[in-house]
Amino acid sequence: MALRAASPIWISPLRPHSKVGESDLGLRRCVDLRCYWDLERLPKWECCCLSVLAQRAITPVEDEKPVDTSGATDQVQDTQSRGFHKDLNLLPKPLSATDLSSSPGNGAQVRVAYQGIPGAYSEAAALKAYPKCETVPCDQFEAAFKAVELWLVDKAVLPIENSVGGSIHRNYDLLLRHRLHIVGEVQMIVNHCLLGLPGVQKDELKRVLSHPQALAQCEMTLNKLGIIRVSADDTAGAAQMVVANGERDTGAIASARAADIYGLNILLEKIQDDDDNITRFLILAREPLIPGSDRPHKTSIVFTLEEGPGMLFKALAVFALRDINLTKMESRPQRKRPLRVVDDSNKGSARYFDYLFYIDFDASMAEPRAQHALAHLQEFARFLRVLGCYPTDATL
Ligand SMILES: O=C(O)C(=O)C[C@]1(C(=O)O)C=C[C@@H](O)C=C1
């Protein structure tokens with residue numbers, strides 16, 4: 001196995017705080033992906049092991065070191081006298097559970113992609129998960145997915161739902177289109193601020209820029225202020241635009257950190273409709289975690305069902321029967337099979353949409369009840385994919 005020769009880990013470094021855009025990703029195909037593609041053909045568990053081994057392969061292997069013959073130890077003499085050519089302690093150790101640990105640690109040396117620019121909530125979420133990581137801004141959600149797939153970064157942190165605004169549908173769709181694995185979640189309280197240029201009063205504002213989710217989360221305040229809403233790619237990007245345009249009648253909804261970074265004044269704080277405005281983010285990686293049972297875990301799946309009465313009821317029953325709590329359910333149209341024509345009468349044909357169902361449930365794939373539930377679901381699901389099994393974030 002030529003892991004040394006084909007190590008996929010070397011990547012030309014991105015400038016800190018540079019943006020990964022679609023065009024950048026095209027240009028950065030200098031990454032050596034040979035090993036990655038080979039891994040694709042292997043079963044998943046072997047991929048995990050090879051990935052860890054590939055990282056270990058950076059360390060020069062034993063037979064490349066100059067041999068020091070000056071002071072043979074008793075141990076070496078002992079192994080030789082027993083007929084061994086090598087000290088067995090120098091042989092590679094088998095992988096243990098800690099090599100594949102689900103614990104993110106402090107994230108030193110981890111590169112994490114997020115959508116937006118510095119000061120965005122997604123960046124704060126990445127830093128909550130990996131406090132010492134290097135954050136890599138991306139212009140679109142899809143660029144963050146691609147950055148992980150192309151080994152430009154190690155992880156991506158993306159918003160998936162908000163307690164006021166609901167699901168971020170784009171990311172549900174991208175989860176299915178890409179083959180990344182969910183390896184963690186981050187829940188964060190999002191406190192929005194109304195920002196303006198220095199010296200501007202809040203009554204002078206006629207327009208406010210922000211991410212559509214942030215605008216939706218502050219609907220009541222904006223209605224009261226009677227300000228025109230304008231969409232921006234992300235909240236921090238909105239703050240940056242206000243500074244760049246220099247128009248006194250235009251403000252932004254963004255974080256206090258964005259105000260600090262871009263030199264804007266905070267005119268109002270905590271302007272979200274709900275005090276406990278919580279956004280849940282997913283952490284995505286190329287490799288899945290080995291499911292643990294040491295602490296509460298969640299599993300996320302996506303499936304489609306055969307047509308028929310009570311199919312969804314049956315699908316949900318596989319969890320209820322095993323006392324498994326569902327924490328989230330989302331349905332999205334199935335793009336390649338958008339409409340199904342049903343013609344069972346002479347009154348014309350009915351048209352139904354076909355759906356993908358996304359479910360998160362409170363159990364680890366290490367638990368037999370979760371394995372049995374999915375085996376049961378597989379009996380009548382047309383398609384089923386486990387998107388990830390990861391520790392529940394209970395830090396709020
Ligand atoms: O614009 C940002 O700052 C983001 O991180 C995006 C985003 C989102 O997409 O939901 C993240 C958290 C908040 O809910 C508002 C916006």
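Residues numbered from 1 in each chain as written. Predicted model: local features only at pLDDT ≥ 70, side-chain atom pairs only at ≥ 80, totals over all residues. Heavy atoms only, no water.

The condition is simple: UniProt positions are given in the numbering used here, feature names are shortened, and annotations may be inferred rather than shown by experiment.
Looking at an unreviewed UniProt entry, one finds the protein named Arogenate dehydratase, with Populus euphratica as its source organism. The UniProt entry for the protein carries the following text under Function (unreviewed entry): "Converts the prephenate produced from the shikimate-chorismate pathway into phenylalanine." Among the UniProt annotations of the protein, the heading Pathway (unreviewed entry) holds the following wording: "Amino-acid biosynthesis; L-phenylalanine biosynthesis; L-phenylalanine from L-arogenate: step 1/1."

1. Examining the site of the ligand
Basically, it comes down to this: We define proximity as follows: a residue is near a molecule or strand when any one of its heavy atoms falls within 4 Å of that partner. Polar contact criterion, stated in full: a pair of N or O atoms within 3.5 Å, where within protein one must be able to donate a hydrogen and the other to accept it, and residues adjacent in sequence count only if both atoms are side-chain atoms. Residue exposure ignores everything except the shown protein chains as possible cover, and the areas themselves are Shrake-Rupley values with a 1.4 Å probe. Buriedness of a pocket was judged along seven lines, with at least five required to meet protein on both sides within 12 Å; pockets are open sets of points on a 1 Å grid over the protein atoms alone, cavities are sets where a 1.4 Å probe fits but cannot get out, and lining residues have an atom within 4 Å of a point. Whether a molecule sits in a cavity or pocket is decided by its atoms, more than half of which must lie within 2 Å of the grid points. Helix and strand labels come from DSSP, where a helix needs a run of H or I of at least four residues and a strand needs a run of E of at least two; each type is numbered from the N terminus. Note on residue categories: nonpolar means Ala, Val, Leu, Ile, Met, Phe, Trp, Tyr, Cys or Pro, charged means Asp, Glu, Lys or Arg, and polar means any other residue, Gly included.
Taken together, 13 residues form the shell around the ligand, and within it Y121, S122, Q217, T235 and T279 come nearest. Within the side chain of Q217, an N or O atom sits 3.0 Å from an oxygen atom of the ligand. One nitrogen or oxygen atom from the side chain of T235 is found 2.5 Å from an oxygen atom belonging to the ligand. Compared with its free state, where it exposes 360 Å², the ligand has 100% of that area covered by protein. At a threshold of 2 Å from the grid points, most atoms of the ligand map onto the largest cavity. Of all the secondary structure elements, the ones that give two or more residues to the shell around the ligand are α5 (121-129), β3 (155-162), α8 (212-217) and β11 (278-285). Its residues assigned to classes, the shell around the ligand shows five nonpolar, seven polar and one charged.

2. Here we look at the sheet that holds strand β12 (residues 297-305)
We apply this condition: We call two strands paired when DSSP finds no fewer than two bridges between them. Under this scheme, a helix contributes an axis fitted over its contacting stretch, all axes are lines through C-alpha atoms, and angles between N-to-C directions fall in the 0 to 180 degree range. Residues are treated as being in contact if the distance between any of their heavy atoms lies within 4.5 Å.
Strand order in this open sheet of four strands is β13-β16-β12-β17, and the pairing throughout is antiparallel. A single partner strand is all that each edge strand has here, and the edge strands are β13 (326-333) and β17 (381-391). For this sheet, the mean inter-axis angle between neighbouring strands, taken without regard to orientation, is 15°. Pairing geometry for β12 and strand β16 (residues 355-361), over five bridges, is antiparallel. Pairing of V302 across the sheet is with Y358, part of β16. Contacts from helix α12 (residues 311-320) reach β12, β13 and β16 within the one sheet, and its direction differs from that of β12 by about 155°. In the packing of helix α13 (residues 368-378) onto the sheet, contacts are made with β12, β16 and β17, and the angle to β17 comes to roughly 160°.

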